[in-house]
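Descriptive analysis of the structure
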Amino acid sequence: MAFSSIAKNLNRYSIIQSINDFDIYTKQDISRNTKLSFPTTSKIVDELVAENVIHTLSGKRNDTGGRKAYEYQLDKEYAHSLCMIIEPNRIKAIITNMALEKKDAAEKVVDGDVTIQTILSFAQEHYVRNPKIRSFAVGVPGAVHKGKIFLIDGFKKLQNCELQNIIRQTFHIPAVVLNNMNALISGFGKKSFDNSVRENIACIHIGENGPGCSCLVNGAPVSGFCGFQGEIGFNLFDSTRTFREIALNDYQNVNMQDYIGRLAVQIITMINPHQIMIYLTRNMPETDIKEYCMQYLPREVIPQFAYLHTYEADYTAGLMAAGVELIFSTIYQIHDI
């Protein structure tokens, strides 16, 4: 019985994966693409239709008088995901459908500290208004391990908060809490570049509370065994200060080319990336980091550098993808109709 359930889940997974581009398919198309037998395909598609995951588009007679095969499409509005970005003194909310299309957006200004209750109340407002919300994805500017925020500057009420479990227990739907840079690299990685090349790419974000970094190594995002990868603010800037301490002192009396350049040199020696993308969210000059690095490193190892102004868009895209992935993970499983 257990083996039968596993096999059926695998078949469901195969069918849903084959149509998750939201294109239109017949059962014959799906059977051919998945290499599953037609009876197996037909039975599972009928179950997914009954669950409203897939909807039927047509079944009328064609011009020759014969009955046209029914066509099916994954319903992109079957479920929505609520994505929340936690920032100092405000929370942003974005609702996406399964095709990663934004359905709604809102922002809440917070007087004082952002607390767990503030987050839950804002989530509740959207959850009540939109019964299609089936998952949560929350991004925070701090270190996260298995949904627990174990390090976060500027959010004293969220320190050591088991936010992921709290959201799951409150709303009884899947939830994920991500470090902002881990979400960002996922969003950046979905941009249109050659996915066949397993590149090493680093993204640096110069934020209010310090720098953060995220990396694609051989084309895959890296977070470390407890989510601490990328917390480069703890590295020494000089003999007396860390990068984080300088940021918390509002970057006073610091040459930003020197600041970003030292970060870049450290990253180059660690993962030797093809590209380093630099996100600036402050009014900072776009200094020549390549020139700086060439003072200390061989010319051959210098990566391509680019300044990006798409921090929020890439961050949001990564969160949306994580939230929708949670929805898909639930519909891959057998459900009672």
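As a reminder, the structure under discussion sits directly above these lines.
This structure is a prediction, so every number in the text was calculated from the model and none was measured.

Before going further, it helps to examine the overall build of the chain. The number of helices and strands found in the chain is 10 helices and 15 strands. Seen along its three principal axes, the alpha-carbon backbone of the chain occupies a region of about 80 × 50 × 40 Å. Taking all 337 residues of the chain together, 49% fall into the buried category. Looking at the chain alone, contacts between residues at least 24 apart form 61% of all its contacts between residues at least 6 apart. With an accessible surface of roughly 16800 Å², the chain has 50% of that area assigned to carbon and sulfur atoms. Of the side chains in the chain, 33 bear a positive and 35 a negative charge, and the two mean positions are spaced by 6 Å.

Burial runs high along strand β11 (residues 201-207): 7 of the 7 residues are buried. Every second residue of β11 is oriented toward a common face, with I201, C203, H205 and G207 on one face and A202, I204 and I206 on the other, all of them buried. Bridge analysis of β11 against strand β12 (residues 210-217) gives 7 bridges, and the strand direction is antiparallel. Bridge assignment links G207 to a residue of β12, and that residue is G210. Linkage of β11 to β12, two consecutive antiparallel strands, is achieved through a turn of 2 residues.

On to unusual backbone geometry, then. Even without a glycine there, the phi angle at L100 is positive, about 65°. For L100, the position within the fold is in the loop between β5 (90-96) and β6 (102-109). The phi dihedral of D250 is positive, around 65°, even though this residue is not glycine. Along the polypeptide, D250 turns up in the loop between α7 (243-248) and α8 (256-271). For D250, a relative accessible area of 42% corresponds to the partly exposed category.

Each value, and the rule that gives it
Residues numbered from 1 in each chain as written. Predicted model: local features only at pLDDT ≥ 70, side-chain atom pairs only at ≥ 80, totals over all residues. Heavy atoms only, no water. Helix = DSSP H or I, 4+ residues; strand = E, 2+ residues; numbered from the N terminus. Buried < 20%, exposed > 50% of the residue type's maximum accessible area, 1.4 Å probe, protein only. Contact = heavy atoms within 4.5 Å. Areas by Shrake-Rupley, 256 points an atom, 1.4 Å probe, with all protein chains shown as cover. Lys, Arg positive; Asp, Glu negative; His and termini not counted. Charge placed at Lys NZ, Arg CZ, Asp CG, Glu CD. Pairing = 2+ DSSP bridges.

Don't take any of this as a statement about function, it's just geometry.
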